[in-house]
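# Coordinate analysis (summary)
As a plain string of letters, each chain reads:
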Amino acid sequence: MRSVLFTHIRPHDLLVVDGRFADPAVTPENTVIVDGRGALALPSPVDAHIHPDKTTWGQPWLSRAHAETLVDLIEGDVRARADMTASVAERAGALMDAAIARGTRAWRAHVDVAPVYGLANVHGVREAAAARAGLIDVQIVAFPQLGLLTRPGTAELMERALAEGADVIGGLDPLGIDGDLHGHLDVLFGLAERTGAPVDIHLHDRGEPGLTQVKEIARRAAGHAVTISHAFCLGEDTAAARTLDELIARSGIALTTCALGGDPVLPVGPLTGAGVLLAAGSDGVRDPWTPFGDGDMIARAHLLAYRTDARTDEELAACYAVVAHGGAALLGLERVEFQAGDPADFVLVDAGSLAEAVVDRPIPQFVVRGGVVIAQDGQLLERSPR
Ligand SMILES: [Zn+2]
């Protein structure tokens, strides 16, 4: 039995026995004491939408060309990646280390699968995750970034990916990229039917075409675990968008938002109020699409709060709940409420309250996984299992 008592922390001391919280009134013999230096304990955040195969993290600066459309961005991505010299495992692994040191407990990683790449990206991200088993959980989405129907061979590669390290079936703008809503969804849901894997669909399409696709996805969602990522059409300030909130909740579809600078962000209050599972992610991090991002999900909670104009402590806390509890629920992880029996995955931060932490974006003083301190003051500890 391994027991650790975290003292001098708020809201109260935490005892961890064999990786789970236990009643601190009964501290076993030989308990290791960790001085929390007065920090505030928060459940570890989850990155529910990130693209680690694209990142240049740890590499020289990449200058980006102007892009007008989504297709421009996709084509620029393929060109830029042909010039990258570091492997996917090296770049994705460097970003994983940075995310772990900022407290991230788990990733849902969208990883490009296309004839031009084969399964190299999936294998690279899986290799990086395997080297960090015990530090972070990584789900891989087999993501048809270049198109599904428009790139023959992609569907077959996605099915193979599920046997070689991927966990989730990805989709991308059935209308905007593939131009065939039903054909695209037939492939995704057919694959889901055969494999039982969850589905996670990128939907950038806005306005009426976007909403039409949401309705059709909802119609097909019964019996499957379905996520729509970005869903810009639902973040647009229109009455039509809000009329779908209850349909989405009823159909059990989860949504992820990345609170990006130039795109509509999903409204936290209305969606969670309707009972929709909402999670958040980094999206691209310093990749051919964007110079921004750092994999820090405490900072992402800040961006979500900023973009949704959060003001009250409750609104700020709700953004952190999306990042921590929403992400955990989406990935099928146990929720961390600091109750006896909960997994001891948490961060200790220098902040007076959760609301203040969301605004200040502190770097965790301690990152704790299963009761073990794995990072301190933004640095992974050498003795962390790798
Ligand atoms: Zn994405």
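Look above for the structure.
As the structure is a prediction and not an experimental result, all values here were calculated from the model.

### Remarks on the coordination of the zinc ion
- In this structure, His 49 (NE2), His 51 (NE2), His 202 (NE2) and Asp 283 (OD) serve as the protein donors to the zinc ion, at separations of 2.1 to 2.4 Å.
- Taken together, the 4 donor atoms coordinating the zinc ion and their angles of 90 to 169 degrees define a geometry best described as irregular.
- We note that the donor set of the zinc ion lies within a single chain, spaced as H-x1-H-x150-H-x80-D. Placement of the pair is His 51 in the loop between strand E5 (46–50) and helix H1 (70–82) and His 202 in strand E9 (residues 199–202), with a sequence separation of 151 residues.
- For His 51, a relative accessible area of 4% corresponds to the buried category.
- Here His 202 falls in the buried class, since its relative accessible area comes to 2%.

### Side note on the packing of helix H5 (residues 181–195) against helix H6 (residues 207–220)
- Between H5 and H6, the shortest axis-to-axis distance is 11 Å and the interhelical angle comes to 35 degrees. Read as a crossing pair, H5 and H6 show a hand that is right-handed. Taken together, the residues of H6 that come into contact with H5 (itself represented by Leu 181, His 182, Leu 185, Asp 186 and Phe 189) are Thr 212, Gln 213, Glu 216, Ile 217 and Arg 220.
- The residue makeup of the contact of H5 with H6, split by class, is 4 nonpolar, 3 polar and 3 charged.

### So, the pattern of salt bridges
- Tallying each qualifying case throughout the model produces 22 salt bridges.
- Asp 296 serves as the salt-bridge partner of Arg 102, at 2.8 Å between the closest nitrogen and oxygen. Of the two residues, Arg 102 sits in the loop between helix H2 (88–101) and strand E6 (106–112) while Asp 296 sits in the loop between strand E12 (278–280) and helix H11 (297–307), which places them 194 residues apart along the sequence.
- The class of Arg 102 is partly exposed, set by a relative accessible area of 25%.
- Measuring nitrogen to oxygen at the nearest pair gives 2.8 Å for the salt bridge that ties Glu 216 to Arg 219. Here Glu 216 pairs with Arg 219, and both are found in helix H6, just 3 residues apart, close to one helical turn.

Cut-off values and rules
- Position numbers for residues start from 1 in each chain and track the written sequence from start to end.
- Given that this is a predicted model, residues contribute local features only at a pLDDT of at least 70 and side-chain atom pairs are listed and counted only at 80 or more, while totals for whole chains, interfaces and linings are drawn from all residues.
- Based on all heavy atoms of the structure, the side-chain values leave hydrogens and waters out of the count.
- Each metal site is built from N, O and S donor atoms within 2.8 Å (3.2 Å for Na, K and Ca), and since water is not included, such sites may look incomplete.
- Any site counts as irregular unless it has four donors with all angles between 85 and 135 degrees, making it tetrahedral, or four or six donors with opposite ones more than 155 degrees apart and the rest between 65 and 115, making it square planar or octahedral.
- Working definition: helices are DSSP H or I runs of at least four residues, strands are E runs of at least two. Numbering for both runs from the N terminus.
- The classification of residues rests on relative accessible area computed with a 1.4 Å probe and restricted to protein chains. Under 20% of the type maximum is buried, over 50% is exposed, and intermediate values are partly exposed.
- Orientation is described by axes fitted as lines to C-alpha atoms, over the contacting stretch for helices, and by angles from 0 to 180 degrees between their N-to-C directions.
- A crossing counts as left-handed when the near helix is turned anticlockwise from the far one by less than a right angle, and as right-handed when that turn is clockwise.
- Contacts: residue pairs with any heavy atoms within 4.5 Å of one another.
- Three categories are distinguished: nonpolar for Ala, Val, Leu, Ile, Met, Phe, Trp, Tyr, Cys and Pro, charged for Asp, Glu, Lys and Arg, and polar for the others, with Gly belonging to the last.
- Here a salt bridge means any side-chain nitrogen of Lys or Arg lying within 4 Å of a carboxyl oxygen belonging to Asp or Glu.

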